[in-house]
Amino acid sequence: DTEVTQTPKHLVMGMTNKKSLKCEQHMGHRAMYWYKQKAKKPPELMFVYSYEKLSINESVPSRFSPECPNSSLLNLHLHALQPEDSALYLCASSQDPLHGYTFGSGTRLTVV
Amino acid sequence: AQSVTQLDSQVPVFEEAPVELRCNYSSSVSVYLFWYVQYPNQGLQLLLKYLSGSTLVKGINGFEAEFNKSQTSFHLRKPSVHISDTAEYFCAVIGSAYDKVIFGPGTSLSVIP
């Protein structure tokens, strides 16, 4: 299995809702990443987990809460989001950044 | 600090014509460079990477890139493009702590029939 699977593919949520994004990989990669991508822009790094521990938090607002339950799963919990948080959220994994990342196809999030 | 610049935000090219997408980098440590492609409504896919060795790197889908240390460049080329090459292309560099990839602003390649 050489894929990163993200669910759901699309999500519409209100500003008072709580939702979660899920990401799964079965390649044995040691690191997993969350990126946020606005239209016509490059991906922006949000969080990095290495060996299931949070190693990088790029000053992301607390309304985004990551979780890594095990080496194959990565969640992003969302609460009280703003309309400007609407974006494509990408998950990626790698054994080593020098080897390159494997990306999922993303979750298209719309906050209303 | 590591960074990459992609001077062309949009590149239109006719089908079967050659294309070059430009990337320049800035790095204070060893240079490791990548090109990723993002097709519409999809995630990113690694096209090719330069870690060391030969400065001409071949990737998937007929793309290649040349690392030029004196010009701090890593331009992506394809001798003959196809409609299916229409996508966003991101040049990227490894961060100074070797723990993450830093993406350039991207170049939108549009192949015209």
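Draft legend 1. Broad picture of the overall build of chain A. Each helix and strand counted, chain A has 0 helices and 11 strands in total. The C-alpha atoms of chain A give 13 Å as radius of gyration, which agrees with the globular expectation for 112 residues (13 Å, within 12%). Taken along its principal axes, the extent of the C-alpha atoms in chain A is 35 × 25 × 25 Å. Among the 112 residues that make up chain A, the fraction classed as buried is 48%. A separation of at least 24 residues holds for 53% of the contacts in chain A among residues at least 6 apart in sequence. Computing the positive centroid from 12 side-chain charges and the negative centroid from 10, chain A places the two 8 Å apart.

Draft legend 2. Representation of the side chain of A:Ser93 within the structure. Residues and elements named next belong to chain A. The residue serine 93 is located in strand 9 (residues 87-94) in this model. Residue classification places serine 93 among the buried residues on the basis of a relative accessible area of 0%. Polar side-chain contacts of serine 93 include one of 2.8 Å to the side chain of histidine 29. Not counting residues within four places of it along the chain, the set of residues in contact with serine 93 comprises Val4, Gln25, Met27, His29, Ala31, Met32, Tyr33, Gly100, Tyr101 and Thr102.

Draft legend 3. Representation of the nonpolar core in the model. B:Leu33, B:Trp35, B:Leu47, B:Leu48, B:Phe74, B:Leu76 and B:Tyr89 are the most contacted members of the largest nonpolar core, which totals 28 residues. Listing elements by their share of this core, those giving two or more residues are strand 2 (10-14), strand 3 (19-21), strand 5 (33-38), strand 6 (44-50), strand 8 (64-68), strand 9 (73-78), strand 10 (87-94) and strand 12 (107-112) of chain B. Not counting the four nearest positions on each side in its chain, B:Leu48 is found in contact with B:Leu33, B:Phe34, B:Trp35, B:Val57, B:Lys58, B:Gly59, B:Phe63, B:Glu64, B:Ala65, B:Phe74 and B:Leu76. By size, the runner-up hydrophobic cluster in this structure holds 22 residues, among which are A:Cys23, A:Phe47, A:Leu76 and A:Leu78.

Draft legend 4. The arrangement of the environment of A:Leu88 in detail. Summarising the element assignment, A:Leu88 is placed in strand 9. The spatial distance from the C-alpha of A:Leu88 to the C-alpha of A:Glu67 is 19 Å, given a sequence separation of 21 residues. Those residues within four positions of A:Leu88 in sequence are excluded, and the remaining contacts are A:Tyr35, A:Lys36, A:Gln37, A:Ser105, A:Gly106, A:Thr107, A:Arg108, B:Gln38 and B:Gln42.

Draft legend 5. Fine view of the interface of chain A and chain B. Counting residues at the interface gives 20 residues for chain A, matched by 20 residues for chain B. Buried surface at the junction of chain A and chain B, both sides included, amounts to about 1600 Å², of which 59% is carbon and sulfur. Across the salt bridge formed by A:Glu58 and B:Lys100, the nearest N and O atoms sit 2.6 Å from each other. Inspection of the chain A/chain B interface yields 5 residue pairs in polar contact (both at pLDDT 80 or more). Listed by contribution, the elements that provide at least two residues to the side of chain A that touches chain B are strand 4 (31-37) and strand 9 of chain A.

Draft legend 6. Expanded view of the pattern of salt bridges. With the rule as written, the count across this model stands at 9 salt bridges over all chains. The partner of A:Asp85 in a salt bridge is A:Lys36, and the shortest N-O contact between them spans 4.0 Å. Placement of the pair is A:Asp85 in the loop between strand 8 (73-79) and strand 9 and A:Lys36 in strand 4, with a sequence separation of 49 residues. We classify A:Asp85 as buried; its relative accessible area is 2%. For A:Lys36, a relative accessible area of 16% translates into the label buried. Linking B:Asp8 and B:Arg22 is a salt bridge whose minimum nitrogen-to-oxygen distance equals 2.9 Å.

About the criteria used
The residue numbers shown here count from 1 along each chain, following its written sequence. Chains carry letters and ligands carry numbers; both start at the beginning, A for chains and 1 for ligands, and go up in the order they are written. The predicted origin of the model limits local features to residues at a pLDDT of at least 70 and limits the giving and counting of side-chain atom pairs to 80 or more, whereas totals for whole chains, interfaces and linings rest on all residues. Side-chain measures were taken over the full set of non-hydrogen atoms in the model, leaving aside hydrogen atoms and water. By the criteria applied, helices consist of DSSP H or I runs no shorter than four residues and strands consist of E runs no shorter than two, each listed in order from the N terminus. For the radius of gyration, the atoms used are the C-alpha atoms, and the globule rule reads 2.2 Å times the number of residues raised to 0.38. Buried, partly exposed and exposed residues are distinguished by accessible area as a fraction of the type maximum, computed with a 1.4 Å probe on protein chains only: under 20%, between the cut-offs, and over 50%, respectively. We call two residues in contact when some of their heavy atoms are within 4.5 Å. Charged-residue counts in this description rest on Lys and Arg as positive and Asp and Glu as negative, His and the chain ends being excluded. Charge positions are represented by NZ for Lys, CZ for Arg, CG for Asp and CD for Glu. Polar contact criterion, stated in full: a pair of N or O atoms within 3.5 Å, where within protein one must be able to donate a hydrogen and the other to accept it, and residues adjacent in sequence count only if both atoms are side-chain atoms. We call a set of buried residues a nonpolar core when its members are Ala, Val, Leu, Ile, Met, Phe, Trp, Tyr or Cys and they connect through side-chain atoms within 4.5 Å of each other. Accessible area that two parts lose when put together, with a 1.4 Å probe and added across both, is what the buried area reports. Take a side-chain nitrogen of Lys or Arg and a carboxyl oxygen of Asp or Glu: if they are within 4 Å of each other, that pair is a salt bridge.

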